[in-house]
Amino acid sequence: MTAVLAAGMLTASTAPGYGTDAAGPAPGPQFTPLTAAVMTEPTPFHATDGRTHLSYELLTTNALPSSTQVRLDRVEVRDARTHRVVGSLSGQALADAANPVGDPLPGADGYTPAPPGPTPTVIPGSQQWVIWLDLALERGQRVPKVLEHHLSGAVVTASGSSPFEETVQVTPTGRTAPMNLNAPVRPGTWYSSESCCGNTHHRRGLGPINGRFDVPQRFAIDWYRVGEQGQTWEGDPARLTSYLSYRQPVVAAAGGRVVEVQDGIPDNAPPVTPPVPPIEETVGNHVTLEVAPGRYLLYAHLKPGSLVVREGDRVEPGRVLGLIGNSGNSTTPHLHFQVMTTAEFFPTDSPPFTFREFRVVGEVEPRIWDDNLGLQPTGVLPITPSPYEGPHRARYPLDREVLEF
């Protein structure tokens, strides 16, 4: 069974020209019009949809002169040992999953989508693009130990086009299981916003830090407290105290050592988007816990003066660390929570994680970003039934789910 890669399936075909054949890498060196680099170790995790996901990126470069375009028709993710296709992208689905480095986030304000058509993904010469891969394996489908990426399309010049196929980036998948955590907040109903694996500023946030690209928020989740009527704020949305998330306690999702504490950054006045803060204030007041070798928990955008731990403290699961605020790059009060591979947010990588136990009670279908939550006519989320309602254990909440801890 072939998995779903975003949306888009395609059939295999062989074409002479550049690169390799469809059965796998050809022996010996090959000129490849596209180069590619995997930006993280693809690590499988279980999500609330019952499937096993691998979410990662291909950083591709058209290595040909600026006058030569590469039309990318198909991307296949294969098992490198058997060359069996486990996921694929083509057509509009591929166009929606690819964008030039530095361009606005696909789907965001100011972004012009690729024109519809059978092959809308055209990479100009000497230009670098990101392909955002979200591979979802059905229940029982085996995760390959090693992946390879088969790219096919055509090199386009003023005199015509020449088809190519190439197999690039043979990449092992992660063998370390994602951290299975307790809730980072107190029991109640919470909105899981901007989580994987949709088109969100977390999932598709490319950061050029210290001379390289990272995706530092790939699996980050913004948590909003939800009331009995589905409300996230009541009263005047220009007042911090109107937001149900404001001053809610955040707690240690695992035992560990406090390795970084930042306090003293004032809360922003909602719901106007604040100026972009200095890089060292991006996550606002925050606490970082070291919970395993190379694994850190980040609690960001906390209320100034509310942090109750110091660097070097040892904390047990459930220990209160501080209160939710609106500091740093935040417009309305929420908790930004994620696992990191370093003690600092920039630079870092963002590996997947799961929560031990929660119940999905609904979902929010339209996109509501945290920076316009307070601009909605009311603070009530348009919650609808979810196909994944019910209890979940050791699962990652998908984007825009409403759940109970």
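Since the structure is predicted, the reported quantities are computational estimates derived from the model, not experimental observations. (Residues numbered from 1 in each chain as written. Predicted model: local features only at pLDDT ≥ 70, side-chain atom pairs only at ≥ 80, totals over all residues. Heavy atoms only, no water.)

1. What about the side chain of R218?
Part 1 of the argument: Mapping R218 onto the fold places it in the loop between β16 (212-214) and β17 (221-225).
Part 2 of the argument: Overall, the relative accessible area of 0% leaves R218 in the buried class.
Part 3 of the argument: A distance of 2.8 Å separates the side chain of R218 from the side chain of E57, its partner in a polar contact.
Part 4 of the argument: A polar side-chain atom of R218 sits 3.0 Å from the main-chain carbonyl oxygen of S350. (Helix = DSSP H or I, 4+ residues; strand = E, 2+ residues; numbered from the N terminus. Buried < 20%, exposed > 50% of the residue type's maximum accessible area, 1.4 Å probe, protein only. Polar contact = N/O pair within 3.5 Å; in protein donor to acceptor, adjacent residues only side chain to side chain.)

2. Topic: the nonpolar core
Part 1 of the argument: One finds L181, L289, L297, Y299 and F337 to be the most contacted residues of the largest nonpolar core, which totals 39 residues.
Part 2 of the argument: Examining the composition of this core, we find that four residues originate from one element, strand β25 (residues 353-364), more than from any other.
Part 3 of the argument: In this structure L297 touches L181, A253, A254, V287, T288, L289, V291, F337, Q338 and V339, once residues within four positions along its chain are discounted.
Part 4 of the argument: V38, V86, L133 and V168 belong to the second-largest nonpolar core, a separate cluster that totals 29 residues. (Core = buried A, V, L, I, M, F, W, Y, C linked by side-chain atoms within 4.5 Å. Contact = heavy atoms within 4.5 Å.)

3. Thoughts on the state of the cysteines
Part 1 of the argument: Evaluated as defined, the whole model comprises one disulfide.
Part 2 of the argument: What pairs with C196 in a disulfide is C197, and their sulfur atoms sit 2.2 Å apart. The chirality of the disulfide connecting C196 with C197 is right-handed, given an S-S dihedral of about 100 degrees. Just as C196 is buried, C197 falls in that class too. (Disulfide = S-S within 2.5 Å.)

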